[in-house]
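Coordinate analysis (summary)
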Amino acid sequence: MRYRMAFAVGLAVGYVLGSRAGRERYEQIKRTAQRLADSPTVQEAAGLVGAQVSKAAALTKAKVGERVPFLARDGHHDTGTGWPEEESKPEEARVPY
């Protein structure tokens, strides 16, 4: 309960201070953030981080594929059912629900 009260007080103080700063300060912060985001240095860093995340995701997918065989893409026919070995049935052989 004590933490909820502290959070509520912090929220109220932040709201009051933010509303006192007004629209002009908001616009100034927004312009600064936009300039920073458009900076070539930041764009380059974002590209590098994105490449590293993609590489890590591929590595993780490969490791998970080793432990969960039906997630691996090693030539199995994907039937869309989640079980690569299962052959899909022709349309007329399927049971209607």
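To keep things clear, this report deals only with the structure shown in the data block. This is a predicted model, so every value here is computed, not measured.

Analysis parameters
- Residues numbered from 1 in each chain as written.
- Predicted model: local features only at pLDDT ≥ 70, side-chain atom pairs only at ≥ 80, totals over all residues.
- Heavy atoms only, no water.
- Helix = DSSP H or I, 4+ residues; strand = E, 2+ residues; numbered from the N terminus.
- Buried < 20%, exposed > 50% of the residue type's maximum accessible area, 1.4 Å probe, protein only.
- Axes fitted to C-alpha atoms, helices over the stretch in contact; angles between N-to-C directions.
- Parallel < 35°, antiparallel > 145°, perpendicular 65-115°, else oblique.
- Contact = heavy atoms within 4.5 Å.
- Expected span 1.5 Å × (residues − 1).
- Bend = angle between axes of the 7 residues up to and from the residue.
- Patch = residues over 30% accessible without salt bridge, like charges linked within 9 Å, V, L, I, M, F, W, Y side chains within 5 Å.
- Areas by Shrake-Rupley, 256 points an atom, 1.4 Å probe, with all protein chains shown as cover.
- Salt bridge = Lys/Arg side-chain N within 4 Å of Asp/Glu carboxyl O.

This next bit is on the overall build of the chain. The secondary structure content of the chain amounts to two helices and zero strands. The buried share of the chain, taken over its 97 residues, is 5%.

Where helix α1 (residues 2-38) meets helix α2 (residues 40-67), the axes come as close as 5 Å, and the angle between the chain directions of the two elements is 60°. Taken as axis vectors, α1 and α2 run oblique relative to one another. For the pair α1 and α2, the contacting residues are L36, A37 and D38 in the first and P40, V42 and Q43 in the second.

On to α1, then. End to end, α1 covers just 42 Å across 37 residues, shorter than the expected 54 Å (1.5 Å per residue, more than 12% under). Within α1, the axis deviates most sharply at G22, by approximately 90°.

It is worth spelling out the environment of Q43 at this point. Within the element layout of this structure, Q43 appears in helix α2. Filtering out sequence-adjacent residues up to four positions away, Q43 remains in contact with A37 and D38.

As a further point, take a nonpolar patch on the surface. A contiguous nonpolar patch, built from M5, V9, V13 and L17 and spanning about 390 Å² of accessible area, is present on the exposed surface. Mapped onto the elements of the fold, V13 is located in helix α1. According to the relative accessible area criterion, V13 is partly exposed, its value standing at 44%.

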